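# An overview of the molecular structure
Each chain is listed here by its residues.
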Amino acid sequence: MAAPGFFFSGDRPQMGSLGHVTPQRQRFDAPLPLRSGAQIGGYDLVYETYGRLNAARSNAVLVCHALNASHHVAGTYADQPKSEGWWDNLVGPGKPLDTDRFFVIGINNLGSCFGSTGPMDVNPGTGRPWGADFPVVTVEDWVDAQARLLDVLGIDQLAAVLGGSLGGMQALSWTLRHPQRLGECIAVATAPNLSAQNIAFNEVARRAIITDPDFHDGHFYAHGVLPRRGLRVARMIGHITYLSDDSMEEKFGRQMRAAELGYSTQDIEFQIESYLRYQGDKFSEYFDANTYLLITRALDYFDPAAAHGGDLAAAFAAAKDKRFTIVSFTTDWRFSPARSREIVKALVDNRIDVSYAEIDAPHGHDAFLLEDPRYHGVLRATFDRIARGLKA
Amino acid sequence: MSEVTTEMELIADLVPAGARVLDLGCGDGALLAHLQQAKGCSGYGVEIDDANVLACARRGVNVVQLNLEEGLALFGDRSFDVVLQLQTLQHLRNTEKMLRETARVGRMGILSFPNFAHWPNRLSVVQGRMPVTRTLPYQWYDTPNIRVGTFADFEVLARRNGLQVLDSFGFHAGRVVRRWPNLRASVAVFRIAGG
C-alpha cells in the first residue's frame, strides 16, 4: 500500500494526503450581474486546484462550499500546522474524490471573508469597506461567478459538481443554470429550499449579530470593533442545529464541569455550555459578521421551484440529461432526508438518472463532513464510475 | 449470487425491450444492469440495505434507498412500463398496500415469491414440521419471510384487490412449470396489471 513518498516527511505528500497546497487569486474586471438587479463591478475570486487537468480537459470536478467553509477543500498550508482543508477526508490521492484522476477545484464564494471579494473589502464607490452595503448575493450568483472562473481556467465542461449543505444547493443550481457545462451533480445533506424552521434559525442568528452594539449597522470596521457577542450566539445556535440530539447526548450528556453544583446562573455548569461557548468564541475570531448575514440570506432565498409556481419537478426539467447522486443522513434534522427525497422525486418525475443513499448515521447535519464508510463508499463508487467514463 | 441467475433470465425475458423499469427490492442491481445492457431498459432500483445500495452504485445502476413499507410516494401513477417485485413480497408487512402500489405505479407488475404449497413443503407440514428447503432455507424462528402464501392464495389476493392476472406460472429447478404449479413449483411468478 505504500505510495511513493510514504517514507518521506515534511514537504513530501503523505499517502492519501495532498500535502501542501496554495490558493490562487483571479481578478474579474467585467461586472457580474446579480439576481437582485444590482451588479458587482470588479471583484476577486480565490480558489485552489488539486490534481491535473487532463489533455481533453474532461476531468474537472468543482467542489462547492457551505456556510463557514472556503476554497480550501483539502491539503494543508506550508506555514500552518493543522490546516487541513474542510473536506480533506474525501479529497486527495486515493480518496473517494481521487486527485490522481480528477482535477478538483474549490472556489471561495463572493461575499465570503476568506479571500474573495466581500464586505471587508473596500467599496470602490465610497473608498470605505463595503460592510452592510455589500450587494446581497444568491446561490445563483455564486454559480455564475464560479462559471466565469472556469472560463478563465479553460474548462468548458465539468465532469461533476459536488457540494454538501449550502454547497449542495450550489451543485443543484449548476444543473439548472449551466446544464450544458456539467455531467453529474452530487448533492449531499441538502434541501430544495429552507423550511420555515430553518429560516427561523437563520433569523435568530442574524438578530444576534445585528443587535450587538458593536455591529454599528454593519460598518463596525470604521469603529475598530467586531460584533463578537452576536457572532458567538449566531454560531452557538447554528452549531446546535448541525448536531443530532443523540450525538450531543453521547458527547456531553449532563456532564458537569465541577463535581458540585455551583448554583450560578451565569457560570458554565455543563460541558455542553463550555463546548458551545468555545465554538462561538473560536468562530467570532475568524468569521465576518456581514458575511454571516449574507450567507444565511443566500440560504433563505434559494428556492429553484419558486420560478415554476412551486413545482420542483418543473424546475428540474432543465437538468434533463444530467445524472444525480443525492445523499442524506437519517439524524440530520436541519436538512432532513425528507427534503432530499423531494429532490429525488422531482428528478424521478423527469425520468432523470438519480441514485439516492440515506445513510443511517448518528451525527446529524455534520455527518456530511465526517468519514462514514457507507457514505464515502457510495461517493467513491460514483466517482469511480465517472472516472471510467472520462475522455482521456 | 451476483451473476444473472436463471430465474433472472426468465424474468428478464418477460420485460419488453426498452421498457422503463422499477425494481422493488433490487438487491445488488444485477437484474437491472442486465436489463439495461441486454435490452436497453432504463429506470430505478429500490433497496433498503446499505450493502446493496453500494453494490448498485458500483454497478452504475440507479438506486433509491427507501423502505418499501413506507409505500411508493416517490413514484407517479403509471410512470413505469414494468414494476418488478421479485422475492420481495414475503418480507413486507403491508403486502396488500404494496400490491396496490405496484399496480398504481406500473402498467405491468411482475412478482415472484416462494410457493408454500410446493409438494415438499406440504409433505413437511403433514409430518408436523415447517419446511426448510432451497427456496425456504430458514428455520421457522429466524425466517425473514413474514408472509408465507401459496400460488393459489395469490390468485385470490389479486382478485380481491381488483388486479388483473395477465399470466402466471411456477418456476422450479430452472424450469417453467405450467401444469399444477401450486403443487409442482417452489416459486410462483405472476404478471399483473391494475384493474
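Below is a short write-up of the structure. Bear in mind the structure is a predicted one, so any value in this text is a computation, not a measurement. (Residues numbered from 1 in each chain as written. Chains lettered and ligands numbered in written order. Predicted model: local features only at pLDDT ≥ 70, side-chain atom pairs only at ≥ 80, totals over all residues. Heavy atoms only, no water.)

## A word on the pattern of salt bridges
All names here are of chain A. The tally for this structure, following the rule as stated, stands at 29 salt bridges over all chains. The partner of Asp98 in a salt bridge is Arg101, with the nearest N and O atoms 3.7 Å apart. Measuring nitrogen to oxygen at the nearest pair gives 2.8 Å for the salt bridge that ties Asp300 to Arg297. With a gap of three residues between them, Asp300 and Arg297 both fall in helix α7 (residues 289-301), about one helical turn apart. Note on Arg297: relative accessible area 30%, which makes it partly exposed. (Salt bridge = Lys/Arg side-chain N within 4 Å of Asp/Glu carboxyl O. Helix = DSSP H or I, 4+ residues; strand = E, 2+ residues; numbered from the N terminus. Buried < 20%, exposed > 50% of the residue type's maximum accessible area, 1.4 Å probe, protein only.)

## Let's talk about the packing of aromatic side chains
All names here are of chain A. One pass over the structure, following the stated rule, counts 26 aromatic pairs over all chains. When the ring of Phe201 is compared with that of Trp333, the centres are 5.7 Å apart and the planes differ by 70°; the resulting orientation is edge-to-face. Highlighted residues: Phe201 in helix α3 (residues 196-210) and Trp333 in the loop between β11 (323-329) and α9 (337-349), separated in sequence by 132 residues. The partly exposed category is assigned to Trp333, whose relative accessible area is 35%. When the centroid spacing of 4.6 Å and the interplanar angle of 15° are considered together, the rings of Phe283 and Phe287 count as stacked. You'll find Phe283 and Phe287 in the same group, each marked buried. Among the aromatic residues, those joined into a cluster by ring pairs are Phe114, Phe283, Tyr286, Phe287 and Tyr292. Cation over ring: Arg235 sits above Phe283, and NZ or CZ is 4.7 Å from the ring centre. (Phe/Tyr/Trp six-rings, centres within 6.5 Å; stacked < 30°, edge-to-face > 60°. Lys NZ or Arg CZ within 6 Å of the ring centre and 35° of its normal.)

## A look at the interface of chain A and chain B
Listed per partner, the contact involves 22 residues of chain A and 19 residues of chain B. The largest contributions to the chain A side of the interface with chain B come from A:Val348, A:Arg351 and A:Tyr356, which together make up 28% of the buried area. Joining chain A to chain B, the criterion identifies one salt bridge. A salt bridge links A:Arg374 to B:Asp50, with the nearest nitrogen and oxygen atoms 3.5 Å apart. Of all the elements in the fold, those that place two or more residues in the side of chain A that touches chain B are α9, β12 (353-359) and α10 (373-388) of chain A. The biggest single contributor to the side of chain A that touches chain B is β12(A), with seven residues. Class assignment for the residues of the side of chain A that touches chain B results in 10 nonpolar, two polar and 10 charged. (Contact = heavy atoms within 4.5 Å. Buried area = accessible area lost by both parts, 1.4 Å probe. Nonpolar A, V, L, I, M, F, W, Y, C, P; charged D, E, K, R; others polar.)

## Some thoughts on the side chain of A:Gln146
Within the fold, A:Gln146 resides in helix α1 (residues 139-153). Residues within four places of A:Gln146 in sequence aside, it is in contact with A:Leu62, A:Cys64, A:Ile107, A:Asn109, A:Gln170 and A:Trp174.

## Some details on the pairing of strand β6 (residues 164-172) of chain B
Residues in a regular strand point their side chains to alternate faces of the sheet. Residue and element names in this part refer to chain B. For β6 and strand β8 (residues 187-193), the ladder comprises seven bridges, and the chain directions are antiparallel. For Phe169, the partnering residue across the bridge sits in β8 and is Val189. Pairing of β6 with strand β7 (residues 175-177), which is carried by three bridges, proceeds in the antiparallel orientation. The residue of β7 that forms the bridge with His172 is Arg175. In this structure, the hairpin formed by β6 and β7 is closed by a connection of two residues, where Ala173 is found at a positive phi of approximately 50°. (Pairing = 2+ DSSP bridges.)

## Some points on the packing of α10(A) against helix α3 (residues 50-59) of chain B
The N-to-C vectors of α10(A) and α3(B) enclose an angle of 10°; their axes lie 8 Å apart at closest approach. Viewed along their axes, α10(A) and α3(B) adopt a mutual orientation that is roughly parallel. Once α10(A) is placed against α3(B), the crossing between them reads as right-handed. When α10(A) is examined against α3(B), the residues A:Arg374, A:Gly377, A:Val378, A:Ala381 and A:Arg388 are found in contact with a partner set consisting of B:Asp50, B:Val53, B:Leu54, B:Ala57 and B:Arg58. (Axes fitted to C-alpha atoms, helices over the stretch in contact; angles between N-to-C directions. Parallel < 35°, antiparallel > 145°, perpendicular 65-115°, else oblique. Left-handed = near helix turned anticlockwise from the far one by under 90°.)

## A word on the packing of α3(A) against α7(A)
Residues and elements named next belong to chain A. The N-to-C vectors of α3 and α7 enclose an angle of 160°; their axes lie 10 Å apart at closest approach. When the axes of α3 and α7 are compared, the pair comes out roughly antiparallel. Pair α3 / α7 crosses with left-handed handedness. Of the residues in α7, those touching α3 at Ile199, Asn202, Ala205, Arg206, Ile209 and Ile210 are Ala289, Tyr292, Leu293, Thr296, Arg297, Leu299 and Asp300. Grouping the constituent residues of the contact of α3 with α7 by class yields eight nonpolar, two polar and three charged.

Any functional reading would require information beyond the geometric quantities listed.
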